[in-house]
Amino acid sequence: MAQDDVFKKIISHCKEYGFVFPSSEVYDGLGAVYDYGQYGVELKNNIRKYWWDSMTLLNDNVVGIDSAIFMHPTVWKASGHVDAFNDPLIDNKDSKKRYRADVLVEDYLAKIDEKINKEVEKAAKRFGAAFDEAQFRSTNARTLEQQARRDAVHTRFAKALNDADLEELRQIILDAEIVCPISGTRNWTEVRQFNLMFATEMGSTADGAMRVYLRPETAQGIFVNFLNVQKTGRMKIPFGIAQTGKAFRNEIVARQFIFRMREFEQMEMQYFVRPGEEMEWFNKWKAARLAWHQALGLGDAKYRYHDHDKLAHYANAATDIEYEMPFGFKEVEGIHSRTDFDLGQHEKYSGKKMQYFDPELGESYTPYVIETSIGLDRMFLSIISGSYAEETLANGESRVVLKLPPALAPVKLAVLPLVKKDGLPEKAGEIVRMLRFDFRCQYDEKDSIGKRYRRQDAIGTPYCITIDHDTLSDDRVTIRFRDTMEQERAPISMLNDIIAEKVSMKNLLKKINY
Ligand code: GAP
């Protein structure tokens, strides 16, 4: 099935099964704003918990906070967001559609990469075991020509971004003959900068209202609380502060479902280190974060690092962790070495010292910061995409199943009486009342057992427990496993242990080898 079709199916599956709804749908929705439904919110909470526990339980020197969405407006002046949190936008005069100029070029480069990779794959099939990929890439005329074209555009692009040269960015689009996907023309406007922050007013106008912003990242709430946490928690460097919460960006082009939203949630951690030691910590966190993703078991090949071409003015290193979504490899998380920029700026603008006295060195300094910043909604999308499967069964029927990591699944088990009589529903109710303190359970007695299994597959429930007439005499039930559809008989007294072993967050956390 084409990847575009898979993505469309995932979006409608999310809606049909109560994971994600368009916001204000009865009023035809609101661009790039979404609501999470009854299963979506559970999955989202579980992802958040997996992140939170991995940060604050597995690291004795990482603590959490929850700062406000509104912050003093000078925060955003100091952080550079008022002056420089911009995206370059360009319009196509024929379709009247607006695009991010940098994304047009990135998509163009990704298409060339795809073409080269296809050539390599074809050749690998043709030559079999004797295939030498490096030799092919360095000698095949067509591949070399495409690579040279790609490299030339890429070099100009990286320079244009670094120099914030908007004219050159437009010229690259013209020279590469990039067309509007809607109109198919190259009738482009100039490239302009567009600030992504949402602003509103605080206080009544009579008193003189203050212009405030909806935070575009959660990180600044951590920076301005650095001293509060360091002092009250008696934290010693290196240490980290973690936070999850909403962020808001007036994205120019909001496409691809919950991948790029105007209201979204971030999970960020700022790790404060000694100046000079930042690269060591940057590399450690890079590895630790990839391990966190890979522990979910969606397939290691689905992730890759992508080092930034353009470093933000405050950063001395930056990498993305990308996941292979149905629409290609895309950023899910950023790991940034932010130097002492943010603390330095807040010191400058607030006039308050943002320094740490290091008792081992006997000196004060402004700490350097390694940041790990992941979008909760993007993580949600990567997990749903990696788990969605359509299967044809041995009996010719088909099923749609979400093979979610069991620890993250919204519902852990369904309890299903085989029939709606003979005391089976009562027995099933007893089991639910026994297990619901530890696991989110769902009771279902409607329709055939096959239909009930399908409903649970569609929301990713890892275990179905079936109660039949034998259960009443032998106190044993059938456990049906979502992924293999195998069934196993087990005593009711063992259910808690069997399920806990498979769905526990603890076992998932243990897989991360810090
Ligand atoms: N404090 C650093 C920071 O905010 P970023 O790369 O702009 O860095 C971090 O954002 C993460 O937040 C991204 O990797 C992505 O997962 C998520 N994110 C950013 N913009 C988003 C959007 N419009 N919709 C959904 N997630 C977004």
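The model shown is predicted, which means the values in this text are computed figures rather than measured ones.

Peer 1: Requested: an account of the packing of helix 2 (residues 38–56) against helix 11 (residues 278–294), with residues and values cited.
Peer 2: Between two packed helices, what matters for the description is the angle formed by their axes and the separation of those axes. Where helix 2 contacts helix 11, the two axes come as close as 12 Å, and the packing angle between them is 145°. With respect to the hand of their crossing, helix 2 and helix 11 are arranged in right-handed fashion. Facing helix 2, whose interface residues are I47, Y50, W51, S54 and M55, helix 11 presents W285, R289 and W292. Here the contact of helix 2 with helix 11 is composed, by residue class, of six nonpolar, one polar and one charged.

Peer 1: How would you summarise unusual backbone geometry if you had to cite specific residues and measurements?
Peer 2: For the bond running from I237 to P238, omega is 5°, close enough to zero to count as cis. By the secondary structure assignment, P238 is in the loop between helix 10 (226–232) and strand 9 (239–248). One non-glycine residue with positive phi stands out, namely D447, at about 75°. Backbone geometry at M485 places phi at a positive 65°, although glycine is not the residue there. Within the element layout of this structure, M485 appears in the loop between strand 22 (476–481) and strand 23 (487–491). Overall, M485 belongs to the partly exposed group, its relative accessible area being 28%.

Peer 1: Account for the pairing of strand 9, naming residues and giving values.
Peer 2: For strand 9, the tally of buried residues reaches nine of 10 residues, placing the bulk of the element in the interior. Sheet topology places strand 3 (residues 62–64) next to strand 9; three bridges connect them, and they run parallel. In the strand pairing of strand 9, V62 is matched with G240. Relative to strand 10 (residues 263–273), strand 9 is paired through 10 bridges, and the arrangement is antiparallel. Residue pairing in the sheet places F248 in a bridge with E263 of strand 10.

Peer 1: Mind laying out the domain arrangement of the chain, listing which residues take part and the relevant values?
Peer 2: If you check the domain split of the chain, you get domain 1 (3–71 + 196–385), domain 2 (86–195) and domain 3 (399–510). Centre-to-centre separation of domain 2 and domain 3, based on C-alpha positions: 49 Å.

Peer 1: So what's going on with the pattern of salt bridges? Which residues, and what values?
Peer 2: Enumeration over the complete set of coordinates arrives at 45 salt bridges. A salt bridge links R338 to E217; the shortest N-O distance between them is 3.6 Å. Of the two residues, R338 sits in the loop between strand 13 (328–337) and helix 12 (341–350) while E217 sits in the loop between strand 8 (210–214) and helix 9 (219–223), which places them 121 residues apart along the sequence. By the burial criterion, R338 is buried, and E217 matches it. Linking E397 and R454 is a salt bridge whose minimum nitrogen-to-oxygen distance equals 3.6 Å. Linking E397 in the loop between strand 17 (388–392) and strand 18 (398–402) with R454 in helix 15 (residues 449–459), this pair joins segments that are 57 residues apart in sequence. Note on E397: relative accessible area 43%, which makes it partly exposed.

Peer 1: Any details on the side chain of D53? Residues and values, ideally.
Peer 2: Position of D53 among the secondary structure elements: in helix 2. Among the polar contacts listed, one links the side chain of D53 to the side chain of K49, at a separation of 2.7 Å. Contacts of D53, omitting those with residues within four sequence positions, involve L58, M505 and L509.

Peer 1: Would you mind going over the sheet that holds strand 6 (residues 192–195) in detail, with residue names and values included?
Peer 2: Read from one edge to the other, the open sheet built from three strands follows the order 5-4-6, with strand pairing classed as antiparallel. Edge strands, defined here as strands with exactly one partner in the open sheet, are strand 5 (98–100) and strand 6. The mean inter-strand angle of the sheet, taken between neighbouring strand axes irrespective of direction, is 45°. As defined by bridge partners, strand 4 (residues 86–91) adjoins strand 5 across three bridges and the pair is classed as antiparallel. Considered in strand 5, the bridge of I90 is made with Y99.

Peer 1: Residues and numbers for the site of the ligand, please.
Peer 2: Taken together, 20 residues form the shell around the ligand, and within it E217, M261, E268, E331 and V332 come nearest. At 2.6 Å from a nitrogen atom of the ligand is found a side-chain nitrogen or oxygen belonging to E217. M261 is positioned with one of its backbone polar atoms (N or O) 2.8 Å from a nitrogen atom of the ligand. Residue assignment for the shell around the ligand shows that the elements contributing at least two residues are strand 10, strand 13 and strand 16 (368–375). Looking at the shell around the ligand element by element, the count peaks at five residues for strand 13. Each residue belonging to the shell around the ligand can be placed in one class, and the counts come to five nonpolar, five polar and 10 charged.

Criteria and cut-off values
Residues numbered from 1 in each chain as written. Predicted model: local features only at pLDDT ≥ 70, side-chain atom pairs only at ≥ 80, totals over all residues. Heavy atoms only, no water. Axes fitted to C-alpha atoms, helices over the stretch in contact; angles between N-to-C directions. Helix = DSSP H or I, 4+ residues; strand = E, 2+ residues; numbered from the N terminus. Left-handed = near helix turned anticlockwise from the far one by under 90°. Contact = heavy atoms within 4.5 Å. Nonpolar A, V, L, I, M, F, W, Y, C, P; charged D, E, K, R; others polar. Buried < 20%, exposed > 50% of the residue type's maximum accessible area, 1.4 Å probe, protein only. Pairing = 2+ DSSP bridges. Domains from an automatic or database assignment. Salt bridge = Lys/Arg side-chain N within 4 Å of Asp/Glu carboxyl O. Polar contact = N/O pair within 3.5 Å; in protein donor to acceptor, adjacent residues only side chain to side chain. Near = heavy atom within 4 Å.

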